[in-house]
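What follows is the residue order along each chain.
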Amino acid sequence: MTPSRDTAVTVRGLRKTYSGRAAVDHLDLDIYRGEVYALLGPNGAGKTTTVEILEGHRHRDGGTVDVLGEDPGRRPRGWRARIGIVLQSQADGGGELTVREILGHFARYYPQARDPDEVIETVGLTEQARTRLRQLSGGQRRRVDVALGILGRPELLFLDEPTTGFDPAARRAFWELITRLAGAGTTIVLTTHYLEEAEALADRVGVLARGRLVASGTPAEIGGRNTAEATVSWLDGPRARSVRTDTPTRLVAELAARHDGEIPGLTVTRPSLEDTYLALIGAPENGGPR
Amino acid sequence: MTVSASPRPAASGGDAARLPGAWPSAVRLGLLRGGLEIRSFFRQRESVVFTFALPVILLALFGEIFHGTVGHTGVQFRQYFAAGIIASGIMSTSFVNLGIGVTVDRDDGTLLRLYGTPAPAAAYFIGKAISALVVSLAEVIILLILGATLLGLHLPTAPGHWVTFAWVFLLGVSTCALLGVAISSLARTQRSASAVVTLPYLVLSFISGVYFVFSSLPAGLQHIAALFPLKWMCQGLRSVFLPGSFAYTEAGHSWQLDRIALVLAAWLAASLLLCVRTFRWQRRA
């Protein structure tokens, strides 16, 4: 279990119970420095509890947790300056302050904060810089949360369902922002309900179900997606044919031999991330990690 | 649309010693927060109006309703009540405002947002204390001006009286502010906060010599009131605004300034302890 690369987050045997019910049940997790890691899972799977424990916002009942070389249960000041947090529940506070005022103020908390105006521009709120928070739309307020999360130049950024309530254009802009932050070396831990978001952003995804990590890997490989049976479909005269096979290449070669030139209507598909995800979270509890 | 510079290289520890001298002090951040709190408060116009209006209206009503004198002391009822209403006004701008304000901060995520930053917790409390002091001072100035112009409240000229006023004000505001923070932990949501805070505020106002002459209250209620700070704040302010001869009618036949200081200081220490022990960053589940 020794991580082969430099890890930002190492979790072993993490447990958290709420009134007897295990929300997180012996969870093991490694997140490497510089990667974007997406935690997926249905509601109640333990995503937010796990992230809150990593952020130092919640106590754990058991297991060991290491975040940037520190136990998040201790959360010393210097460590807090190195992480950025965007909580799942949007903060409605400070409604009478303007975007510029709240960012200018929070920048004072950090030893090496980014320039507030630059951050405002980064999240696309330059036009609203002098607007009071309570006058912003839901999506704009969420961008203030994100701005506050990246203001302190964090090495590790937690984003708990950051794009809930975003329209498609805002989501796309947000993806670009995350890609740029990741490109600059920020480690990013993301929870999301949007599988296309995980697929677009994450270097690796982990699927949580019933408080355990049931799979972890790149979006293309998770759950054996890349080696799973492929479905080969084509048109056999007027009839649509569809065959599931372990050896799609051989089938396509045979079809090619039977046809003169192009095979009509040919597609080769593997399970989508969504198919794989749904299979994983429905899997029996002893499906085993990884 | 640029993201500046890469994150700092990984360091082994997470301790503050890593960046010597780079941390702003809790006091400095607290002052900044205080400025922010005050700005926010004065931008909420309806809240400002009603915070200041209640004691002002009470002051005006009492001035209209009561015209007699307290016993044969020559002190008019409205002078007597003016001192009490100023004390209760201080409690309202500190205890009530913070009791509700901190619950709101807890409920709307302000506290949790702060908790995740490197800002020390003390900065939050210092900011709240500063805003309570400034708002209370504004309230007291308004009440003093109205009291003096409309109700015949005698503003003292002897500096000693203003010294008394200053320490009663400072001890009163700090104690009530801390008690407000402490009671905020009792309220589950901001919707219940005003009910939770109003009960002790109203009951204490009734039994502490704000709406009634204290010495005319039943002895049992006087004893209960004497356990809490408001009674002593009222008494301290009466010593400032009423003639010295009135002291004889007080419960202890004197102003008991030393006892006022002692009780308020004890409450200050107790409420600080209470705050530290009960403070919660997150909503109760």
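Residues numbered from 1 in each chain as written. Chains lettered and ligands numbered in written order. Predicted model: local features only at pLDDT ≥ 70, side-chain atom pairs only at ≥ 80, totals over all residues.

## Details of the overall build of chain A
And step 1. Along the backbone of chain A there are 9 helices and 12 strands.
And step 2. Viewed in the frame of its principal axes, chain A has a C-alpha envelope of about 70 × 45 × 35 Å.
And step 3. Counting all 290 residues of chain A, 43% fall into the buried class.
And step 4. Within chain A, residue pairs in contact and separated by at least 24 positions form 67% of the contacts whose partners lie at least 6 positions apart. (Helix = DSSP H or I, 4+ residues; strand = E, 2+ residues; numbered from the N terminus. Buried ≥ 20, exposed ≤ 12 C-beta atoms within 10 Å, placed from the backbone. Contact = placed C-beta atoms within 7 Å.)

## Some remarks on the packing of helix H3 (residues 77-107) of chain B against helix H9 (residues 229-241) of chain B
For any two helices packed against each other, one specifies the inter-axial angle together with the distance between the axes.
All names here are of chain B.
And step 1. As a packed pair, H3 and H9 sit with axes 8 Å apart at the nearest point and diverge in direction by 135°. With respect to H9, the axis of H3 lies oblique. Note on packing geometry: the crossing formed by H3 with H9 is right-handed. Residue-level contacts link Gln79, Ala82, Ala83, Gly84, Ile86, Ala87, Ser88, Ile90 and Met91 of H3 to Leu230, Met233, Cys234, Leu237, Arg238 and Phe241 of H9. (Axes fitted to C-alpha atoms, helices over the stretch in contact; angles between N-to-C directions. Parallel < 35°, antiparallel > 145°, perpendicular 65-115°, else oblique. Left-handed = near helix turned anticlockwise from the far one by under 90°.)

## Observations concerning the domain arrangement of chain A
Interfaces are often sized by the accessible area lost when the parts come together.
And step 1. Taken domain by domain, chain A consists of domain 1 (7-223) and domain 2 (229-269).
And step 2. Between the C-alpha centres of domain 1 of chain A and domain 2 of chain A the distance comes to 44 Å. (Domains from an automatic or database assignment.)

## Considering the confidence of the model for chain A
And step 1. Confidence along chain A averages 90 in pLDDT terms, with 95% of residues attaining 70 or more.
And step 2. Low pLDDT, under 50, characterises residues 284-290 of chain A; the stretch is placed with 8 contacts to residues that sit more than four places away or in other chains. (pLDDT = per-residue confidence, 0-100.)

## Describing the sheet that holds strand E11 (residues 239-245) of chain A
Remark on secondary structure: sheet strands pair via backbone hydrogen bonds, oriented parallel or antiparallel.
All names here are of chain A.
And step 1. If you walk across this open sheet you meet the 3 strands as E11-E10-E12, and the pairing is antiparallel. Looking at which strands have only one partner, the edges of the open sheet turn out to be E11 and strand E12 (267-269). Averaged over all adjacent pairs, the angle separating strand axes in this sheet is 20°, with direction ignored.
And step 2. In this sheet, E12 lies alongside strand E10 (residues 230-236) in antiparallel orientation, the contact comprising 3 bridges. Within the sheet, the bridge partner assigned to Ser233 lies in E12 and is Thr267. (Pairing = 2+ DSSP bridges.)

## Quick word on helix H2 (residues 45-65) of chain B
Residues and elements named next belong to chain B.
And step 1. Over its 21 residues, H2 runs 30 Å from end to end, which matches the ideal 30 Å to within 8%, given 1.5 Å per residue.
And step 2. At Ala53, H2 shows its strongest bend, of approximately 35°, with the proline Pro55 following within four residues.
And step 3. Listed in full, the buried residues belonging to H2 are Pro55, Leu58, Leu59 and Gly63.
And step 4. Its buried side turned inward, H2 meets H3 and helix H5 (121-150). (Expected span 1.5 Å × (residues − 1). Bend = angle between axes of the 7 residues up to and from the residue.)

## Details of unusual backbone geometry
Residue and element names in this part refer to chain A.
And step 1. Even without a glycine there, the phi angle at His26 is positive, about 50°.
And step 2. Checked against the element boundaries, His26 lands in strand E2 (residues 21-32).
And step 3. Its identity is not glycine, yet Arg75 carries a phi of approximately 35°, on the positive side.
And step 4. By secondary structure assignment, the location of Arg75 is in the loop between strand E4 (62-67) and helix H2 (77-82).

## What about the environment of B:Phe169?
Residue and element names in this part refer to chain B.
And step 1. Topologically, Phe169 is positioned in helix H6 (residues 159-184).
And step 2. Overall, Phe169 belongs to the buried group, with 22 C-beta atoms counted inside 10 Å.
And step 3. For Phe169, the residues in contact, after removing those within four places along its chain, are Ile90 and Val140.

## Some thoughts on the sheet that holds E2(A)
Residues and elements named next belong to chain A.
And step 1. If you walk across this open sheet you meet the 3 strands as E2-E1-E4, and the pairing is antiparallel. A strand with exactly one partner marks an edge of an open sheet, and here the two such strands are E2 and E4. With direction set aside, neighbouring strand axes in the sheet form an average angle of 15°.
And step 2. Here strand E1 (residues 7-18) pairs with E2 via 9 bridges, running antiparallel. Its bridge partner lying in E2, Arg15 is registered against Asp25.

## A closer look at the confidence of the model for chain B
Residue and element names in this part refer to chain B.
And step 1. Residue-level pLDDT values for chain B average 88, and 92% of them are 70 or greater.
And step 2. Mean pLDDT values over the elements of chain B span from 87, in H2, up to 96, in H9.
And step 3. Ignoring residues within four places in sequence, the model shows residues 1-20, a span with pLDDT below 50, making 40 contacts including any to other chains.
And step 4. Among the scores for the predicted complex, ipTM is 0.83 and pTM is 0.84.

## Brief notes about the packing of H5(B) against H6(B)
Residue and element names in this part refer to chain B.
And step 1. Between H5 and H6, the least distance of the axes is 10 Å, while the angle of their chain directions is 130°. The orientation of H5 with respect to H6, classified from their angle, is oblique. Along this stretch, H5 crosses H6, giving a crossing that reads as right-handed. Two secondary-structure elements touch here, H5 through Lys128, Ala129, Ala132, Leu133, Ser136 and Val140 and H6 through Phe169, Val173, Ser174, Ala177 and Val181.
And step 2. For the contact of H5 with H6, the class distribution of residues is 8 nonpolar, 2 polar and 1 charged. (Nonpolar A, V, L, I, M, F, W, Y, C, P; charged D, E, K, R; others polar.)

## Quick notes on the nonpolar core
And step 1. Ranked by size, the top nonpolar core spans 140 residues in total, and within it A:Ala38, A:Ala147, A:Val189 and B:Ala87 carry the most contacts.
And step 2. Per element, the largest residue contribution to this core is 14 residues, and it comes from H3(B).
And step 3. The contacts of A:Ala38, once residues within four sequence positions are left out, are A:Leu190, A:Thr192, A:Ala198, A:Leu201, A:Ala202 and A:Val205. (Core = buried A, V, L, I, M, F, W, Y, C linked by C-beta atoms within 7 Å.)

## What about H9(B)?
And step 1. An ideal rise of 1.5 Å per residue puts 18 Å on 13 residues; H9(B) measures up with 19 Å between its terminal C-alpha atoms.
And step 2. Counted residue by residue, H9(B) has 13 buried out of 13 residues, so it is predominantly covered.

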